[in-house]
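Architecture and fold: a report
Next come the chains, spelled out residue by residue.
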Amino acid sequence: MNQEKKTPKTERIILGIDPGTTIMGFGLIRVVGKKMYFLQLNELQLQKYKDHYLKLKLIFERTIELIDTYHPDEIAIEAPFFGKNVQSMLKLGRAQGVAMAAGLSREVPITEYSPKKIKMAITGSGNASKEQVAKMLQSLLQLKTLPKNLDSTDGLAAAVCHFYNSDRVEIGKSYSGWSSFVKQNEKRVKK
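Residues numbered from 1 in each chain as written. Predicted model: local features only at pLDDT ≥ 70, side-chain atom pairs only at ≥ 80, totals over all residues. Heavy atoms only, no water.

1. Details of the overall build of the chain
- Scanning the chain from terminus to terminus reveals 6 helices and 6 strands.
- Ordering the α and β elements of the chain from the N terminus gives β-β-β-α-β-α-β-α-α-α-β-α.
- Residue burial in the chain is summarised as follows: out of 191 residues, 46% are buried.
- Looking at the chain alone, contacts between residues at least 24 apart form 62% of all its contacts between residues at least 6 apart.
- Summed over all atoms, the accessible surface of the chain reaches about 11500 Å², with 53% contributed by carbon and sulfur. (Helix = DSSP H or I, 4+ residues; strand = E, 2+ residues; numbered from the N terminus. Buried < 20%, exposed > 50% of the residue type's maximum accessible area, 1.4 Å probe, protein only. Contact = heavy atoms within 4.5 Å. Areas by Shrake-Rupley, 256 points an atom, 1.4 Å probe, with all protein chains shown as cover.)

2. Quick notes on the packing of helix 3 (residues 115-123) against helix 4 (residues 130-140)
- At a minimum axis distance of 9 Å, the contact between helix 3 and helix 4 shows a crossing angle of 40 degrees. On the basis of their axis angle, the class for helix 3 and helix 4 is oblique. The chirality of how helix 3 crosses helix 4 is left-handed. Touching Lys 119, Ile 122 and Thr 123 of helix 3 are Gln 132, Val 133, Met 136 and Leu 137, all from helix 4.
- The residue inventory of the contact of helix 3 with helix 4, partitioned by class, reads 4 nonpolar, 2 polar and 1 charged. (Axes fitted to C-alpha atoms, helices over the stretch in contact; angles between N-to-C directions. Parallel < 35°, antiparallel > 145°, perpendicular 65-115°, else oblique. Left-handed = near helix turned anticlockwise from the far one by under 90°. Nonpolar A, V, L, I, M, F, W, Y, C, P; charged D, E, K, R; others polar.)

3. A few points about the pairing of strand 4 (residues 74-78)
- Within strand 4, 5 of the 5 residues are buried, leaving the element largely enclosed by the surrounding structure.
- Neither face of strand 4 is open: one carries Glu 74, Ala 76 and Glu 78, the other Ile 75 and Ile 77, and all of them are buried.
- Inspection of the sheet shows strand 1 (residues 11-18) paired to strand 4 by 4 bridges, in the parallel sense. Bridge assignment links Gly 16 to a residue of strand 4, and that residue is Ala 76.
- Sheet topology places strand 4 next to strand 5 (residues 110-113); 4 bridges connect them, and they run parallel. Bridge pairing in strand 5 places Glu 78 opposite Tyr 113. (Pairing = 2+ DSSP bridges.)

4. Some thoughts on the pairing of strand 2 (residues 23-32)
- In terms of burial, strand 2 is largely enclosed, as 8 of its 10 residues are buried.
- Hairpin connection from strand 1 to strand 2: 4 residues lie between these consecutive antiparallel strands.
- The sheet contact formed by strand 2 and strand 3 (residues 35-45) spans 10 bridges and is antiparallel. When the sheet's bridge partners are listed, Arg 30 is paired in strand 3 with Tyr 37.
- Between strand 2 and strand 3, which pair antiparallel one after the other, the connecting turn spans 2 residues, and Gly 33 there sits at a positive phi close to 65 degrees.

Below is the structure:
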């Protein structure tokens, strides 16, 4: 009986997503061993569309396109923050859910991180501004320029946060597929 020894994967791609219904930011890094390399950052502009359901469809399609193009091994997504505007939170939660559904449909493991945890991982301060996070990413990944909108750097920050937290045992909520999601969220499932 010939048993092959499984060696740990030394190269992987992480897709980071900052979900939103006005702008969805995303960034990709390649990890080789213990080093990370910048691949791409960009954003999906959604403000010109009035129909919320069309926006959700576009978020799903763009996420699928990113997965099919770059073949990420993992997705890191920024969890919605709790604000006072319930309608905004609901829309943001839907945007996040649609991006997660796209990843789950392609069986890419997903991990959520709070905005505070992402900022802490990048800058050392959970209260850092978007500008401080962007500047630190520029330094860490030797980015020549920063985008006008910082939603894409927020997506990239989620990917870098995941890289920094990958070796830790507890890294937030992580799903490897629909059954994993359902198992970890049994109270949310109607019976």
